[in-house]
Amino acid sequence: MLPPGAGCPSQHNHAIAVSSAWQPARRTICALSAACLYLSAYSFSLVSTALRTMDSAPTQRPRKLRPTDVLKHEHRQIEERLQVLSSALKSLGNQGRDAEILDRIEEVAQYIDREMAAHHRKEEEGLFPLLARYLDEDLHLDGRIADHQDLKIMSGKFKQTLEDCRSTDDHFAAQMLRGYGLYIVHLVLEHLLKEDEILFLVADRYLSDEEETEILRRFSEIDATAS
Ligand SMILES: [Fe+2]
Ligand SMILES: [Fe+2]
């Protein structure tokens, strides 16, 4: 009689007692059993991999464009422009009024008037009215619209001061231009954060496919009229 598992190449804990005369046959059976187990595990691994592939397949297909994809992309573009403005304002502080620096600032001022104004229209005429159906008061949409209006007012003062900077040697005008510019950078960055981290999350969670399609249609109309 052999103890359980004795002689098994796979160290299986066989509870069957066999005589030493059966040992070679037992080894063969056990080796086959181990091979079967290995093949079974390998097959299972293949099936698991196939299932995982099937599970992940839908995410590899092109995802439907959502209104927040468009707006987030525009936010990243706005951030790039704000970096240009911050850098130009720093140069203005260090070097004073210089035509090249004022040109860079004017480019951003024009961007605020055109592209950012179109972006705000997409939010106010496209996203916000449909988003207001959900959690309107909690989302403080009126606060975000107030930010847009605040930026419009500050942008007007910014451009007027930029003209003053070009037409006079008044050091005070350069200081005011820098002050308005820094205010704009701060205002817009904070505004983008609130939209990215709150409004857009709610939009992605609540808006239906039909509502998103309608918002994208409104975006296209705004793009067509803005260009
Ligand atoms: Fe906004
Ligand atoms: Fe925005």
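As the structure is a computational prediction, the values presented were derived from the model and not from experiment.

Colleague: Looking at this structure, how should I read the overall build of the protein chain?
Modeller: In terms of regular secondary structure, the protein chain is built from seven helices and zero strands. Of the regular secondary structure in the protein chain, the N- to C-terminal order runs α-α-α-α-α-α-α. Residues classed as buried in the protein chain amount to 18% of the 227 residues present. A fraction of 68% describes how many contacts in the protein chain between residues 6 or more apart in sequence connect residues 24 or more apart.

Colleague: Which parts of the structure should I look at to understand helix α7 (residues 209-226)?
Modeller: Each α-helix turn comprises 3.6 residues. Residues three or four places apart therefore point the same way. Taking 1.5 Å per residue, 18 residues should reach 26 Å; α7 reaches 26 Å between its end C-alpha atoms and fits that length. Packed against the buried residues of α7 are α2 (67-95) and α3 (99-131).

Colleague: Please explain the nonpolar core as it appears in this structure.
Modeller: General note: in soluble globular proteins, nonpolar side chains tend to be found buried as a group. In this structure, L85, A88, L92, I105, A109, L162 and L177 are the most contacted members of the largest nonpolar core, which totals 20 residues. Only α2, α3, α5 (141-167) and α6 (171-206) provide two or more residues apiece to this core. Element by element, the count of residues in this core is highest for α3, at six residues. If near-sequence neighbours (up to four positions away) are discounted, L85 is found in contact with I105, V108, G181 and V185.

Colleague: Looking at this structure, how should I read the environment of R178?
Modeller: For R178, the position within the fold is in helix α6. For R178 and A88, which are 90 residues apart along the polypeptide, the C-alpha to C-alpha distance reads 9.2 Å. Leaving out residues up to four positions away in the same chain, R178 has contacts with L89, L92 and G93.

Colleague: How should I be thinking about the confidence of the model for the protein chain in this particular structure?
Modeller: Should the pLDDT be low somewhere, the predicted coordinates at that spot are not to be read in detail. In this model, the protein chain carries an average pLDDT of 81, and 73% of its residues clear a pLDDT of 70 or more. Here helix α1 (residues 23-60) is the element of the protein chain with the lowest mean pLDDT, 45, and α2 is the one with the highest, 97. Under a pLDDT of 50 for its full length, residues 1-58 has, in the predicted model, 25 contacts with residues more than four places off or in other chains.

Colleague: Got a minute to help me understand the environment of T68 in this structure?
Modeller: In this fold, T68 is placed in helix α2. In this structure, the C-alpha to C-alpha distance between T68 and E123, residues 55 residues apart in sequence, is 9.8 Å.

Colleague: Looking at this model, I keep getting lost on the packing of α5 against α6. Mind explaining?
Modeller: When two helices pack together, you describe them by how their axes are tilted relative to each other and by the distance separating the axes. Between α5 and α6, the shortest axis-to-axis distance is 9 Å and the interhelical angle comes to 160°. In this view, α5 runs roughly antiparallel relative to α6, as classed from their interaxial angle. For α5 against α6, the interelement crossing comes out left-handed. Looking at the contact of α5 with α6 residue by residue, the class counts come to 15 nonpolar, four polar and seven charged.

Colleague: Would you mind going over unusual backbone geometry with me for this structure?
Modeller: Excluding glycine, a negative phi dihedral is what most residues carry, and trans is how most peptide bonds are arranged. For H140, which is not a glycine, the phi torsion comes out positive at approximately 55°. Structurally, the position occupied by H140 is in the loop between α4 (136-139) and α5.

Cut-offs used in this document
- Position numbers for residues count from 1 along each chain, tracking the sequence in the order it is written.
- Whichever chain is written first is A, and whichever ligand is written first is 1; the rest continue in order.
- This being a predicted model, a pLDDT of at least 70 is required before a residue's local features are given, and a value of 80 or more before pairs of side-chain atoms are given or counted; all residues contribute to the totals for chains, interfaces and linings.
- Secondary structure follows DSSP: runs of H or I at least 4 residues long count as helices, runs of E at least 2 residues long count as strands, and numbering of each begins at the N terminus.
- Exposure in this text rests on C-beta crowding, where 20 or more other C-beta atoms within 10 Å of a residue's own make it buried, 12 or fewer make it exposed, and counts in between make it partly exposed. The C-beta atoms are placed from the backbone.
- Note on contacts: residues are paired as contacts if their backbone-placed C-beta atoms lie within 7 Å.
- Here, expected helix span is obtained from the residue count minus one, scaled by 1.5 Å.
- Nonpolar core, as used here: buried Ala, Val, Leu, Ile, Met, Phe, Trp, Tyr and Cys residues forming one set through C-beta atoms within 7 Å.
- pLDDT expresses how confident the predictor is about each individual residue, on a scale running from 0 to 100.
- Convention adopted: a line fitted to C-alpha atoms gives each axis, helices being fitted over their contacting stretch, and angles between N-to-C directions are expressed from 0 to 180 degrees.
- An angle counts as roughly parallel when it lies under 35 degrees, as roughly antiparallel when it exceeds 145, as roughly perpendicular when it falls between 65 and 115, and as oblique in every other case.
- We call a crossing left-handed when the near helix sits turned anticlockwise from the far one by less than a right angle, and right-handed when that turn is clockwise.
- Charged means Asp, Glu, Lys or Arg here, nonpolar means Ala, Val, Leu, Ile, Met, Phe, Trp, Tyr, Cys or Pro, and polar covers whatever is left, Gly included.

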